[in-house]
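In case you want the letters, here they are:
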Amino acid sequence: MLLAIETSSLVSSVALLHEQTLRAELTIQARLTHSEQLMPHIADMLDKASVGKADIDGIVVSIGPGSFTGLRIGLATAKGLAFAWQTPIVGIETPTSLAWNFVGNADKICPLIDAQKGNVYASVYKWNRSVLETLDEVSIMPLDDVLERLQKQGEPVVFCGDGALLGRQKIAVASDLFRIAPPTMVIPRAGSLALAGQQRLAAGEADDCMTLTPAYKRRSEAEVLWEKRHGGQRCL
């Protein structure tokens, strides 16, 4: 049984996956902080699914990019549980997790995660039967540049992630081949995260609980401001 934890955005999502059965999933966008709701959600889900800590064989956690605070809370919780329960832990980058919302989809998948100031974390994937292929690795760029590049390729693309929701108007007018994923698939979900993590664990892969860190891809705004105020010294 896998416990999956997704806190990379405003969405709080936890799930339990047993082999090929999604035993439980709780996904909420209530604008409460993850520190307020994550542990109560996990405890409530385990209780309602009649699952004990001894039943958990692995923990899967979203490692970003995304909300710096959300990622830290989710990862700290996942690592704490993995250490206490002595169970393997697997980190999955958020765009990969989002792509798992579309298993079997023939279109290109472009997760867009808000990077602020008009920028997005963008990547492109495509399913080849049961294999998820990475066509473009995660990079930070203006949304306009992402759309222009995909326009030139002239293929159907489905967009997901909070960056897609923020840029839905630009996406809608950029091409008739572009579409925004429906509400159940546009957001990161712990059920899909669990599937991605299950694949890694089945391949014998796992991360070190002590050294697993978020995939921020850039420094936080607070770190940048700190350096400006302190003459370029790095914030430790």
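Residues numbered from 1 in each chain as written. Predicted model: local features only at pLDDT ≥ 70, side-chain atom pairs only at ≥ 80, totals over all residues. Heavy atoms only, no water.

Caption draft 1: Expanded view of the nonpolar core. One finds Phe102, Ile109 and Cys160 to be the most contacted residues of the largest nonpolar core, which totals 32 residues. One finds Ile42, Val51, Ile56 and Leu75 within the second-largest nonpolar core, a separate group that totals 24 residues. (Core = buried A, V, L, I, M, F, W, Y, C linked by side-chain atoms within 4.5 Å. Buried < 20%, exposed > 50% of the residue type's maximum accessible area, 1.4 Å probe, protein only.)

Caption draft 2: Summary view of the environment of serine 62. As for its placement among the helices and strands, serine 62 is situated in strand E4 (residues 58-62). Spatially, the C-alpha atoms of serine 62 and leucine 75 are 7.6 Å apart, while their sequence positions differ by 13 residues. Not counting the four nearest positions on each side in its chain, serine 62 is found in contact with Ile5, Glu6, Ser8, Leu71, Ile92, Thr94 and Leu193. At 2.7 Å, the side chain of serine 62 forms a polar contact with the side chain of threonine 94. (Helix = DSSP H or I, 4+ residues; strand = E, 2+ residues; numbered from the N terminus. Contact = heavy atoms within 4.5 Å. Polar contact = N/O pair within 3.5 Å; in protein donor to acceptor, adjacent residues only side chain to side chain.)

Caption draft 3: Seen up close, the packing of aromatic side chains. Evaluated as defined, the whole model comprises 3 aromatic pairs. A centroid spacing of 4.5 Å and a plane angle of 10° characterise the contact between phenylalanine 68 and tyrosine 216, whose relative ring orientation is stacked. With a gap of 148 residues between them, phenylalanine 68 in helix H2 (residues 68-85) and tyrosine 216 in the loop between helix H8 (190-202) and helix H9 (221-229) connect regions that are remote in the sequence. A relative accessible area of 12% places phenylalanine 68 in the buried class. Ring geometry for tryptophan 100 and tryptophan 127: centres 4.9 Å apart, planes at 90°, overall edge-to-face. Taken together, the residues tryptophan 100 in the loop between helix H3 (94-99) and strand E6 (108-116) and tryptophan 127 in strand E7 (residues 119-128) connect sequence positions 27 residues apart. An identical accessibility class is assigned to tryptophan 100 and tryptophan 127; each is buried. (Phe/Tyr/Trp six-rings, centres within 6.5 Å; stacked < 30°, edge-to-face > 60°.)

These figures capture arrangement, not role.
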